[in-house]
Every structure is written in structure tokens, then in C-alpha cells.
Amino acid sequence: MNLKKYLVRALHRLQKGPGYTYKELLVWYCDNTNTHGPKRIIKEGPKKKLIWFFLTLLFASLVFWQWGILINTYLSYNVTSSLSIGFKTMKFPAVTVCNANPFKYSEVKPLLKELDRLIEAALERILQPTPGNSSENLSPPLDLELWNQIPLVLIDEHDKDNPVILDIFETNQTAVGNETAMGHETSVSNGTAWGNDTMGSKTMDNKTVWDQTTAGNQTTAPPAPSNTTSEEKKYKLAVKLCSHQGSDNCTYRNFSSAAQAVTEWYILQSTSILSKVPLHERIRMGYQAEDMILACLYGAEPCNYKNFTQIYHPDHGNCYIFNWGMDEEALNSSNPGAEFGLKLILDISQQDYIPYLSSAAGARLMLHQQKSFPFLKDQGIYAMAGTETSIGVLVDELERMGYPYSDCTMNGSDVPVKNLYSQYNTSYSIQACLRSCFQNHMVEICGCGHYMFPLPEGVTYCNNEDNPGWAYCYSSLRSSIKQRQICIDSCKETCNDTQYKMTISMADWPSEASEDWIFHILSYERDMSTNVTLDRNGIIKLNIYFQEYNYRTISESAATTIVWLLSSLGGQFGFWMGGSVLCLIEFGEIIIDSLWITIINIIGWCKGLKQRRARARYPDAPPTVSELVEAHTNLGFQHEAPGAVPRAGELPPEPGTPPPNYDSLRVRPPDTLGPDSDTE
């Protein structure tokens, strides 16, 4: 009821307002608004009315066009970057140090013995040995089953139209021609996306005939080319990868250098072997902290290998992290300069390197934040043996704005990818997300996990015995742009990050004049021996320090705010039409009044519709009150339809008693009485 009363009063107020029609309302608005232009439309002559109407419409259109641009700019959520320089006591970064060689060769040699014999025999055939130096009659015989799982092949491209594939340990050749006698088709891909490994490769035909036969352990080398110049030698070494052993669904991964092919082949084969070794055995076969870290000094305080946290890294074996901040508070640096940083002397034992797995010698190190996992393969640097490497550090702090200004995350909780590196209790990073995403796709597509990444629960690592086509699946997945893009779209950058910019310098260490006494002291401290057990090829000295105490903060801020938007909208409105916020309120008022007029018109239309329906129900004149009363009191009274004719043989209806003539009861003046009245 209260709502009904309010609406009724509102309608009454509206009826006393600017007008009952849209035209009256519009004229009232133009006459009373504070906006320039509309007043001139109703007060000027016909010609000026037309001019002012056009100008008002033009400038109103410009205002709305500018408003659209401003609102679109605001909704794009652009940011501006600002650089500020501060000075404070800073936390010393976490320092991860690894050996470039993941395992001691003396420890892992029994596992890789057959693999080493295979690659040595293959290299003899690749390098075209002289008679008498061949390994055809090796004892014990070669394990060709291991070789056939992921073989190396030679591609003879003397005839570009019909290249020939030569299996190094096979007796027959594989012709690659345009026509096939057996009708089999095999994918032979030279130009797939393998990073830089496809440089210099040429396209081969897709149709091939495979005639691969083995003759036990009796192997013959591929035919040696005749004495030709280097321009005429067109042999390439490739890794053959098949979906499963003996399948025709194969691809060839070409390399511009045989050295690259051998290294890649050895990594694939050793990965399969080492994936079956338990973690504690892999840790035992790696370099131990007490053997690798010979000396440590942080500022003026001595330290040792016990101040480092050991983790196992699939690429580099045992790694050691200083100041990781997991078990205790991170260390602060009191002053900049080399004397206030971290000084290390490392022994990398280069003489115990795996010859075909680690072609680079040195230490791999990385500076990173506390409680973050070190991804040395992407962000680490090498320190060369026999040198003193000084690393000056500058700190950059990045502060990104979150949604909707950028697609960053604070802690990774809103990322749809399960972080497999959370088992290390480390913080979120985009590198961890990308690798977790790849491993999840590997498990989903290939049915097993890659040795270089953490495993999801209930999954095993890939190997040649249990997963014969894992290398083919892994290579296809790694070269897939679609899968890579899925991971890029799923992972997010962190909103806050700290980057360490390094300035690196090196010098020979120790010098020729001092190497004798330094090696004697270090050998005695490590091995308690008076004999020199160290040499220049295995020693590295590191100096890591803050170059300056200034740190740079690169922060993002919103380029457009709501204050900027309102001031810009008002500026455009005031410039083009001389309006203000009050003018907008007036415009809102006229819209509300228009709605009320619309409601009144709808109500009037509904009333008219009701009346039309009533007239349709009573097509003739409605009965009088006396007729309605007589119909209810005199049962013999019937309405006589106009023009009705009585039926034949029917008596006319009895007339009802007519209603009294009330006018005869009225007192009349004497002069109006007729001669036959009762007064005579």
C-alpha cells in the first residue's frame, strides 16, 4: 500500500511538472539546462535554430567519441615503470655450486661400461679406421640390443635425390628413394624443430624401404668413401628415434657435427640407464661436499662444507647451496667489496670426468633468492678451472602489479599447473611451472616421466626396457610448438622478484710462482698427505660480493586511475559543451521524467483497452438504473430487444408494472397546473 501511495503521489507531482508529453519535456529541458547550446535552439529564429541544432549535435558527438576513447584507455589497464635507487643492508644471495660433471667416472663406470664400448666402436667406424685397427672381433662381443634401442646412423647425401642411410653396426644399407618396393612409408624428418641441431640439414623423401638385418655380433663397417675432397664428402650423423623398436614410424635427428650427435646419443642412453638407479646411489656416486669444497670464507668469518645444503640436481649431480635460508635466517652483508663477500676454493677432480657425457670442465654456479630452486641449466654460469673468478653483484628488485594490470601471481596458488618442485619446499617460479607442465604432459602422453624433472606421485622414470619409444615421444613433445604454448599460457610470472646482475672477471690462479706451495697446502689439508694430489686443471677459486650497496627497484604503477578518468571525462565535457556534473544530473532528471511520462502513457493505454473491452461486451446503450432495478425486483419484467417481432401463435408478453412517475409527486406551483388537475 505504501508503494502504491508513493507512485500515486509521484504521478501527481509529475503532472504538475514540466509537461505531459515528450515534446513539452524537451522544451522545458532546453529552456532550463545549464549546458550551452540547447537554449539557443528554442530561442533563436528558424535559421539559427538549425545552425545551433547542428553545432550542439556535432559537439555532443565529439564528447561521446572522446569519452569512448578515454574509457577504452582506462580499461586497457596500462602500466608505467619507475626506477628508484635505494641504499640499505641487503641479504646476501643464495649461492649454488655444482660440478659440471654429475658423477665420478670411477663410481659410475660399471653402469656405463657397455655404453662406452658401443660408442668407442661406433667412433672407429665413423672415423674410417685403417685395416687392422677395426673392432670387428671384439671380445666380449658388443651388446647390440642396447645399440638398437636408440641407434646412430650415417646419411650419405652424395645423391641428393636418393640419399642412403647407413646403419653403423648393420650389414645392409637402407635406400631412400622416391618409390618403394614394399609400399611402407616412414617419416624421415630432417627439418623438424630441434633447436640449433638442424643447422645444415637437408630434406629427405618420406618414402623409404627398411631392409635392416643383423648378423649376430659380426659387424662390418659402412663402405668407406673414395679419396675425395672435403667439399665432396656429404656424410651426416643422425640419431634414429622410433615409436617402438622395429617400427617404421621413425624420425632422424640430424646434427651439423658428429660431436653433437655423439653427445646427444650418449645423454639419451645414459638417461635410460641412470633412471633405474635409486636416488641414494646417485648421490653416493656424485661429488661429496668434503671433497669438493676445500676452503670457505664469508667476510671475516671462516666456514666449511657444513654450512652448505646438499640437493641432488639431475643435470649436475650433487649441488651445494650456501645461505639458502631453509634451516636458519639468511645472512646479511655488512659492506660492499670483495673482502666482505664469499670466497671459495673448489676441487672439481677433472681427471674423474665421464668422457662422453661431460665435454665442458669447470664449476657451475648460480645466484638466486633464498628458498628458491636453482635452475642452473638456464640461469647458471661456468667458472673455469685454473682461474680465480670474481663476481660483482648488483641487485634489481622487480615489483609487478597484479590483475587486471598483468597476469602475475604472488605465490602460484592461482596457477592451474601442479608444481612438482614443491617437494623441495621452495617458492614458486615460472621455471618450476614450465618444467612441471612439461613433465605432466610427458606422463600423460608418453606414460612415464623424464629423468631430468621431478616425478608426480605414482609415476616412474622412462627407460628403454619398460618404455621402448620414450625417446621418440620425448623428442616429439619437446619439438611441439603447441605443447610449449600450452605451458606458456598456463604459467605466470611472479609479481615480486629479485634479480642479480653479475660482473665477471677472471685471472689465472694460482700463479706459476705460487702454485707449488698452494697445491702442497691444499693437498695436505684434504688428503693429509705431503704429496701434491691437486693440479691446475682441478682447482677453482671464487669471489662473490656486492659490487655496490645501491639497489634498484623497478616498480609498476597504473598509467590510468579512476581520478584520471573522471577528470578527463569532465574536461572533455566542459571543453566541448561547457557542461559540468550538475548538467549530467539535469540530464539524468530529464531521463527519469521521460520514464514517468512513459509509465503514464502505458497506464492510459491500459485504461483505454479496458474501456474498449467493456464496450465490446455491451454493443448497445447500457441499461438504465431503473431497468436494472426492475429486472431484479419484477420477475415478469423483460428487456425488449429493439426490432424484435413476436412469433406466430405467441401471445405478446405481459407488460410489467411500469416504474412510478416520480415527477408527478413533485410539488408544482399553481400557475403550472392544468385545467384538469385536482385543484379545480
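Structure: see above.
From a predicted model like this one, the values you see are computed outputs, not experimental measurements.

**Some points on the overall build of the protein**
- Looking only at helices and strands, one finds 17 helices and 19 strands in the protein.
- When contacts within the protein are restricted to residue pairs at least 6 apart in sequence, those whose partners lie at least 24 apart make up 73%.
- Accessible area of the protein: about 39,500 Å², with a carbon and sulfur share of 55%.

**A look at the pairing of strand S6 (residues 235–242)**
- Taking burial as the measure, the eight residues of S6 include seven buried ones, the bulk of the element.
- Strand direction decides the pairing type here: strand S3 (residues 152–156) and S6, joined by five bridges, are antiparallel. Across the sheet, residue Leu152 finds its bridge partner in S6, namely Val239.

**Topic: helix H16 (residues 581–617)**
- The terminal C-alpha atoms of H16, which comprises 37 residues, lie 55 Å apart, in line with the 54 Å expected from a rise of 1.5 Å per residue.
- Turning to H16, its buried residues are Cys583, Glu586, Ile590, Asp593, Trp596, Ile597 and Gly608.

**Side note on the sheet that holds strand S13 (residues 363–368)**
- On the basis of which strands lie adjacent, the open sheet formed by five strands has the order S10-S11-S2-S13-S14 and antiparallel pairing. Here the strands that pair on one side only, and so sit at the sheet edges, are strand S10 (308–313) and strand S14 (381–383). If you compare each strand with its neighbour and ignore which way they point, the axes differ by 30 degrees on average.
- Sheet analysis places strand S2 (residues 94–99) next to S13, joined by six bridges and oriented antiparallel.

**Considerations on the packing of aromatic side chains**
- Counted under the stated rule, the structure contains 23 aromatic pairs.
- Aromatic pair Tyr77 and Tyr405: ring centres 5.4 Å apart, planes at 85 degrees, arrangement edge-to-face. Of this pair, Tyr77 sits in the loop between helix H4 (46–75) and strand S1 (79–87) while Tyr405 sits in the loop between strand S15 (387–399) and strand S16 (408–409); the two residues are 328 residues apart in sequence, bridging distant segments of the chain.
- Among the aromatic residues, ring-to-ring pairing joins Phe87, Phe92, Tyr298, Phe308, Phe322, Phe546 and Tyr549 into one connected group.
- A cation over a ring is seen here: Lys88 above Tyr551, with NZ or CZ 4.8 Å from the ring centre.

**With respect to the state of the cysteines**
- Within this structure, the stated rule accounts for eight disulfides.
- Between Cys296 and Cys303 runs a disulfide, and the two sulfur atoms are separated by 1.8 Å. Since a negative S-S torsion denotes a left-handed disulfide, the Cys296-Cys303 link at about -80 degrees is left-handed.
- Judged by its relative accessible area of 9%, Cys296 is buried.

**A few points about the packing of helix H11 (residues 430–446) against helix H12 (residues 470–478)**
- Two numbers describe how H11 lies on H12: the axes approach to 10 Å, and their chain directions differ by 135 degrees. Compared by their axis directions, H11 and H12 come out oblique. In the packing of H11 onto H12, the handedness of the crossing is right-handed. On the side of H11, the interface is formed by Phe438, His441, Met442, Ile445 and Cys446, while H12 contributes Trp470, Cys473, Tyr474, Leu477 and Arg478.
- In the contact of H11 with H12, the residues fall into eight nonpolar, one polar and one charged.

The rules behind these values
- Throughout, a residue's number is its position along its own chain's written sequence, starting from 1.
- Restriction of local features to residues with pLDDT of at least 70 applies here, the model being predicted, together with a cutoff of 80 or more for giving and counting side-chain atom pairs; totals for whole chains, interfaces and linings are based on all residues.
- With hydrogens and water stripped out, all remaining heavy atoms of the structure feed into the side-chain values.
- Numbered from the N terminus, helices here are DSSP runs of H or I no shorter than four residues, and strands are runs of E no shorter than two.
- We call two residues in contact when some of their heavy atoms are within 4.5 Å.
- Note on areas: Shrake-Rupley with a 1.4 Å probe; residue coverage comes only from the protein chains shown.
- Think of it in three bands: residues with accessible area under 20% of the maximum for their type are buried, residues over 50% are exposed, and the middle band is partly exposed, with areas taken using a 1.4 Å probe on protein chains only.
- Two strands qualify as a pair provided DSSP detects at least 2 bridges between them.
- In this analysis, the expected span of each helix is defined as 1.5 Å times one less than the number of residues it contains.
- Orientation is described by lines fitted to C-alpha atoms, with helices fitted over the stretch in contact, and by angles between N-to-C directions that extend from 0 to 180 degrees.
- Working definition: rings of Phe, Tyr and Trp (its six-membered ring) pair if their centres are within 6.5 Å, and the pair is stacked with planes under 30 degrees apart, edge-to-face with planes over 60 apart, and tilted otherwise.
- By definition, being over a ring means that NZ of Lys or CZ of Arg is both within 6 Å of the ring centre and within 35 degrees of the ring normal.
- Our working definition of a disulfide is a cysteine sulfur pair at a distance within 2.5 Å.
- What sets the label is the angle itself: under 35 degrees gives roughly parallel, over 145 gives roughly antiparallel, 65 to 115 gives roughly perpendicular, and the rest give oblique.
- Crossing handedness is read from the near helix: turned anticlockwise from the far helix by less than a right angle, it gives a left-handed crossing, and turned clockwise, a right-handed one.
- In this count, Pro and Cys sit with the nonpolar residues alongside Ala, Val, Leu, Ile, Met, Phe, Trp and Tyr, while Asp, Glu, Lys and Arg are called charged and the others, Gly among them, polar.

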